[in-house]
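A structural walkthrough
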Amino acid sequence: MFSWILALLLALFVWGLTSAWLWMVKRRKTETQHGLAALAGMRWREFSQIVRRAMNEQRGLHDLTGEDNSDRGTSSDFLMERDGQRWLLSCKHGRAYRIGAPAITELGAALRLTGATGGILITEGLVERDGLAAAEKESIEVLDGRVLWQFLAPCVPEDMRTMVEGIARREAARQTGIAALGATAVGLLAGLGYMTAQVDENLSPRPPAPVTASTPAADARHPASAAEAPAPAAAPAMADASASTVTASAAPQPTPQPTPAASAAVAAADDLQEDPDPETLLRYQQAVSRKLAATPGVISGIWLTRSTLSVERSGDDATVWPLICREVEHYPALRTVRVQLNPRPGTGEPVRWRQCRTF
């Protein structure tokens, strides 16, 4: 009995420790990764508006009077002010940026040229170690991919933030379930190992006890002792049978799972509206995002707007495009949406815009 109590405590400890790491550390990393992907898929005008709003709410910076807010490409510098002092913001819009010391030094020169008090570098990419050291010398604050999503998240559209947080939560829940199975296996192995060690200890040979000669008269006075002698030999066999019974009773029983056909039958009646209300349309979009996250070759699918789907992928176009269209065309209201195919990680591919259907 003690072995199974020990196994249960060990399984709970392993599962609790793993779950804490998954929800407190891994979930935030997953949310940051998908949040940066959503920001990188936005147009420059939308991204710059979110940056200006975040600077206004969290830094107290305001646009200069007469500052031109027009679209100036995917890399732009603009001035803002606070208490009469100018601040230069440099935005590098895109996840492919790897910024080193030369770019930081150039930004420092721009600070002195414009007479700005300080500078802020904003990018979904990463600033390398030498760039961070140069930024500290130039009094430039760096908001790169490590911290940018946490900084801009309060200012992004509500549906985008909800979508990103939902993806991170579902991923953490899935990994927590896997951790529970692993912790159960560890507990069972520990319990079985402890029981095996106890059985081996009981079966190990002991030094024989000294034998003394007995007289026939003594044997005659104690005839019952001879009949009781075989009893200890039967004890190990009874222990083995008890251990087998306990092991069989503690084995986990399979839990019945709902079949995919039953789930599809429940959802089929609700997925055929061609002009749904906003709440139903949001439910359709969330269903597509969940299915794409489980599709081979697709990392995630995030809805940037009502009619724009941004897809992060690890497979090539020819492989993943039919799978994406299969999920999108399942809903009549989503068949003509624009699909933004982002480049695969580590490649120089351009962003592609496609449609499964045009009418």
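Residues numbered from 1 in each chain as written. Predicted model: local features only at pLDDT ≥ 70, side-chain atom pairs only at ≥ 80, totals over all residues. Heavy atoms only, no water.

**What to know about the sheet that holds strand 10 (residues 338-341)**
The four strands lie next to each other as 8-9-10-11, forming an open sheet whose pairing is mixed. Taken across any chain shown, the strands that pair with only one partner, and hence form the sheet edges, are strand 8 (298-305) and strand 11 (352-355). Averaged over all pairs of adjacent strands, the angle between their axes in this sheet comes to 25 degrees, without regard to strand direction. Judged from the six bridges that link them, strand 8 and strand 9 (residues 308-313) form a sheet pairing that is antiparallel. Across the sheet, residue Ser300 finds its bridge partner in strand 9, namely Glu312. (Pairing = 2+ DSSP bridges. Helix = DSSP H or I, 4+ residues; strand = E, 2+ residues; numbered from the N terminus. Axes fitted to C-alpha atoms, helices over the stretch in contact; angles between N-to-C directions.)

**Notes on helix 12 (residues 317-328)**
Taking 1.5 Å of rise per residue, twelve residues should cover 16 Å, and helix 12 covers 16 Å from first to last C-alpha, within 8% of that figure. Of all the residues in helix 12, the buried ones are Asp317, Val320, Trp321, Ile324, Cys325, Glu327 and Val328. Buried residues of helix 12, viewed axially, fall in a sector of 160 degrees; they line one side. Packing partners of the buried residues in helix 12 comprise helix 11 (278-293), strand 8, strand 9, strand 10 and strand 11. (Expected span 1.5 Å × (residues − 1). Buried < 20%, exposed > 50% of the residue type's maximum accessible area, 1.4 Å probe, protein only. Arc of directions from axis to C-beta. Contact = heavy atoms within 4.5 Å.)

**Topic: the pairing of strand 8**
Burial analysis of strand 8 places six of its eight residues in the buried class, which makes it a mostly covered element. Between strand 8 and strand 9, which pair antiparallel in sequence order, lie two residues.

**A word on unusual backbone geometry**
With a phi angle near 55 degrees, Asp83 is a residue other than glycine that sits in the positive phi range. Along the chain, the position of Asp83 falls in the loop between strand 2 (75-82) and strand 3 (85-92). Of note, Ser139 is a non-glycine position whose phi angle comes to about 60 degrees, a positive value. Its place among the elements puts Ser139 in the loop between helix 4 (129-137) and strand 7 (140-143). We classify Ser139 as exposed; its relative accessible area is 52%.

**A short note on the state of the cysteines**
The final tally for this structure, using the stated rule, is one disulfide. The disulfide bridge from Cys325 ends at Cys356, spanning 2.2 Å between sulfur atoms. When the S-S torsion is -95 degrees, as for the bridge of Cys325 with Cys356, the disulfide is left-handed. Of this pair, Cys325 sits in helix 12 while Cys356 sits in the segment after strand 11, and the two are 31 residues apart along the sequence. With respect to burial, Cys325 and Cys356 carry one shared label: buried. (Disulfide = S-S within 2.5 Å.)

**Remarks on the pattern of salt bridges**
Considering all chains together, one arrives at 16 salt bridges under this definition. For Glu138, the salt bridge goes to Arg112, with nearest N and O atoms at 3.1 Å. Linking Glu138 in the loop between helix 4 and strand 7 with Arg112 in helix 3 (residues 101-114), this pair joins segments that are 26 residues apart in sequence. Residue Arg357 pairs with Glu329 through a salt bridge whose shortest N-O separation is 3.7 Å. Within this pair, whereas Arg357 is found in the segment after strand 11, its partner Glu329 is found in the loop between helix 12 and strand 10, the two being separated by 28 residues in sequence. Through salt bridges with shared partners, one network takes in Arg313, Asp317, Arg344, Glu349 and Arg352. (Salt bridge = Lys/Arg side-chain N within 4 Å of Asp/Glu carboxyl O.)

Don't take any of this as a statement about function, it's just geometry.
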